[in-house]
Amino acid sequence: MKCIGISGTSVTLLVAGLLFVPAASRADVPNVISDAAIRAGTVGTSQRASISILTVGTGRCVVIACPTGEKILNDCGTRNARAAFLPSAKAFFDSVVYANDPLYVVLSHSDVDHIGLVKDLVGVHPVRRVLLGGVRGDYASVLGTWLDDEEHGGAVIQTLNANYFDTTPNAGLPCGSNATNGAYVLGSNAGTGNDASIVLGIHDGTFQAVLLADIERAGTAQLINHFPTGLAATLVEGAHHGSDTDGANPPTLGNETRPDVAVFSAGSKFRNYAHPRCMMQSVYFPPVNGVLAGGAAAHTFSCYNGSAGNRRLTPYTNVTVPIYNTNDTGAFVLITDGTAWRAWTCPGNIISSLTCALAMANP
Ligand SMILES: [Zn+2]
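These lines cover the structure that appears in this document, whether it is placed above or below. (Residues numbered from 1 in each chain as written. Predicted model: local features only at pLDDT ≥ 70, side-chain atom pairs only at ≥ 80, totals over all residues.)

A separate point is the overall build of the chain. In terms of helices and strands, the chain carries eleven helices and 18 strands. For the chain, the C-alpha radius of gyration of 18 Å lies close to 21 Å, the compact-globule estimate for 363 residues. Along the three orthogonal principal directions, the C-alpha set of the chain runs to about 60 × 55 × 45 Å. A buried classification covers 56% of the 363 residues belonging to the chain. Contacts in the chain between residues at least 24 apart in sequence constitute 67% of all its contacts with a sequence separation of at least 6. (Helix = DSSP H or I, 4+ residues; strand = E, 2+ residues; numbered from the N terminus. Rg over C-alpha atoms; globule rule 2.2 N^0.38 Å. Buried ≥ 20, exposed ≤ 12 C-beta atoms within 10 Å, placed from the backbone. Contact = placed C-beta atoms within 7 Å.)

Right under this line is the structure:
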């Protein structure tokens, strides 16, 4: 039984590329990218959410504006020099999250490439709740004092039981509380390390994002076990930066999510990580009768071919498969009104109509 997502009929239509959208809803998705558009959850009456996957090199940083106006920071960290990405990530965050916006922080797990920049981004923004994958002690060395301070300041610090997942919107998270709007913990604490990762789902109307953080074998099995008929995602953020080791990103995970668009948070500095693998194209978009998926504006997708010990960085150019590497494209910013959606790539995390490029639109 699928607990969030779109109906079986709609899944068929999505797969066939024939998503039916009432014309009235389309005008609510802005054509022009701006920080105001990205944070627009608090204005207007339409459902509207944005999900921005920033470029932070070898790391992960996701900023979510709920259709109900609250904001979620879902990880932020990098293994690169902080100076390379902190200023632009901070500027992006501050232009989308205003001082009085209710802020929630969801940390998938405690690796530094996911949490090392959290303190800097949040700054003085008042935090309502911090949801942690793994156990609180995992965060002691990087965020221990910060968690204590936020708790003293009124934030709720929450951890989850082993294998915890939601079948209705998470009561401790914002973004809505009914069948068509809400934030879900789709999986968590399937194991330790990467497999402790919280998998976050954002559901707005018929739009659904599935953010896989760093799940590997155990987290993937847990997700498929919880949602045996699949999650029918519009947007997937691929698992573990696009790795294929330790059971990450198997074809069954592609089948589970079958996205319209897939994004990988990755950086090229650490070649031994070799994120993402080129095979991610066929994992998430298996060719049909030898024909690759299309629909995206031509862009570069850099990825690693070859086997362990002999990985080669391969920049595919003029790719129209809807698959993105943040290291190539900068921030990947998606805005939806709950039905239609548009996505932009913004080099250097700079929100600007001049430099952000429309990547995809549906319809
Ligand atoms: Zn990671």
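Taken in spatial order, the seven strands line up as β7-β8-β9-β10-β11-β12-β15 in an open sheet, and their pairing is mixed. Strands with a single pairing partner mark the edges of an open sheet, and in this sheet they are β7 (177–178) and β15 (323–325). In this structure, strand β12 (residues 261–264) lies alongside β15, joined through three bridges in parallel fashion. When the bridges of β15 are listed, Val 263 appears paired with Tyr 324. Sheet strands touched by helix α8 (residues 217–226): β8 (181–187) and β9 (199–204). Its angle to β8, the strand with the most contacts, is close to 125°. (Pairing = 2+ DSSP bridges. Axes fitted to C-alpha atoms, helices over the stretch in contact; angles between N-to-C directions.)

Moving on to the environment of Gln 281. By secondary structure assignment, the location of Gln 281 is in helix α10 (residues 280–284). Along the backbone, Gln 281 and Ala 140 are 141 residues apart, and their C-alpha atoms lie at a distance of 37 Å.

Our next topic: the pairing of strand β3 (residues 71–78). Here β3 lies mainly inside the structure; eight of its eight residues are buried. The pairing of strand β2 (residues 59–65) with β3 spans seven bridges and is antiparallel. Bridge pairing in β3 places Ala 65 opposite Lys 71. Here β2 hands over to β3 after five residues, with Gly 69 in that stretch at a positive phi of 105°. Pairing geometry for β3 and strand β4 (residues 103–107), over four bridges, is parallel. Bridging from a neighbouring strand, Ile 72 pairs with Tyr 104 of β4.

Of all the residues in helix α7 (residues 140–152), the buried ones are Leu 143, Leu 147 and Glu 150. Looking at the buried side of α7, the elements it contacts are α5 (112–115), α6 (118–122), β5 (127–132) and β6 (156–159). Gly 154 sits one or two positions beyond α7 and adopts a positive phi of about 115°.

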